[in-house]
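Topology and contacts: notes
So the chains spell out like this:
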Amino acid sequence: MMKPETAKELLERYFAGETSLAEESELRNYFLGEHVAPGLEQHRPLFAYWQARATAPKALPRRRRRTLPRLLAVAAAAIALLLTANVWLPVKPAVSDFPLAETQTKTIDWSKYEVTEPEAALRILHSTLKTVSTEINRAPRAAASQLRTVANSLD
Amino acid sequence: MKYLITSLLLLVLFPAPAAAQKVPTDAISAFFSEYVDDPTFDVVYVSGKVFELFRGANIEIDELGEEELEAILAVVQDIEGIRLLHTDRRAKDHWMEAKNRIPTDQYELLFKVRTRDGTNVEAFIQDENAAINELFLLVGADQSFAMLSFVGVIDLKQLSKLQDALDD
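Cut-offs applied
- Residues numbered from 1 in each chain as written.
- Chains lettered and ligands numbered in written order.
- Predicted model: local features only at pLDDT ≥ 70, side-chain atom pairs only at ≥ 80, totals over all residues.
- Heavy atoms only, no water.
- Contact = heavy atoms within 4.5 Å.
- Buried area = accessible area lost by both parts, 1.4 Å probe.
- Salt bridge = Lys/Arg side-chain N within 4 Å of Asp/Glu carboxyl O.
- Polar contact = N/O pair within 3.5 Å; in protein donor to acceptor, adjacent residues only side chain to side chain.
- Helix = DSSP H or I, 4+ residues; strand = E, 2+ residues; numbered from the N terminus.
- Expected span 1.5 Å × (residues − 1).
- Buried < 20%, exposed > 50% of the residue type's maximum accessible area, 1.4 Å probe, protein only.
- Arc of directions from axis to C-beta.
- Pairing = 2+ DSSP bridges.

**Comments concerning the interface of chain B and chain A**
The interface is formed by 54 residues belonging to chain B together with 38 residues belonging to chain A. Note on chain B versus chain A: buried area summed over both sides is about 4100 Å², and carbon and sulfur give 78% of it. In this structure, the connection of chain B to chain A is made through 1 salt bridge. For A:Arg141, the salt bridge is made with B:Asp164, and the minimal N-O distance between the two is 3.2 Å. Where chain B meets chain A, there are 9 residue pairs in polar contact (both at pLDDT 80 or more).

Here it is in structure tokens:
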């Protein structure tokens, strides 16, 4: 059992950083014990803390849970930026002072393929209109005939 | 996450400038212009002005009587022009490609038909102020592929009635 004077002296050396490991262990035991001199009571929490610190379970290694969502968020942001850039970058060059000339280079010269002879034009018109009108009616007629078959089978 | 939201907001708030481009009035000029110069395609254009000549010109076509001519003219009176492209090479490829090129926000599918002999027909319309201003047909068969574009005010009822007149 350490005397209060010895404890006080050891404590002073402890704070000065001059104690040996064995002396520190003695000090620890003294302050964790029940008979601490009233004048030294104030130092008790310090050693209690070190003791608690030494016996506490090691903290779990930090889990890297955020890594994947963050990566995804970064990727999504990058994709979104790319999309934005894609929308904005291919902006057409400024319209020239001659917009008329510009549009004319683009449009097709249909007159090259124009049928001007009335008889030929009428033949083409006749055959295309026949195709179109036949096709337009094909689906409804098929549906109607199917419905008639169903209706007949119900009778 | 903040960046993501900001970028998305940017995307939503600023409509693509490319969408504001003006397009020609017919589908062939707008989406198939390179086919027009392609020598493997037959290209035909009939202007609406020629139709005016039919009445006075007294044209004799065997399979076309007076009544049928009148029926045709009733349909085409508001049509500005007909464009026609046809090829017998790589018909299947052209068919697949053409279907992907029609923008569904501008063209509405009117009908699609597939017959037993493998002919596919898809018809699209473009309308403005409740009037159809273009009828566009894609016709794909085993050995042939065709595109038809009617530009002008088109009355589908008249067009469907026309079949009866032409069948007589």
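Further notes follow.
**Overview of helix H2 (residues 21-32) of chain A**
Residues and elements named next belong to chain A. Taking 1.5 Å of rise per residue, 12 residues should cover 16 Å, and H2 covers 16 Å from first to last C-alpha, within 8% of that figure. Burial in H2 covers these residues: Glu23, Leu27, Tyr30 and Phe31. Take H2 and look down its axis: the buried residues cluster within an arc of 90°, on one side only. The outward face of H2, more than 90 degrees from its buried face, is lined by the exposed residues Leu21, Ala22 and Asn29. In this structure, the buried side of H2 is in contact with helix H1 (4-16) and helix H3 (44-55).

**What about the pairing of strand E6 (residues 145-154) of chain B?**
All names here are of chain B. With 9 of 10 residues buried, E6 is to be regarded as a mostly interior element. As defined by bridge partners, strand E2 (residues 79-87) adjoins E6 across 8 bridges and the pair is classed as antiparallel. Along E6, the bridge assignment pairs Ile79 with Gly152. Where strand E5 (residues 131-140) and E6 come together, 8 bridges link them in antiparallel fashion. What sits directly across from Leu135, in E6, is Phe150.

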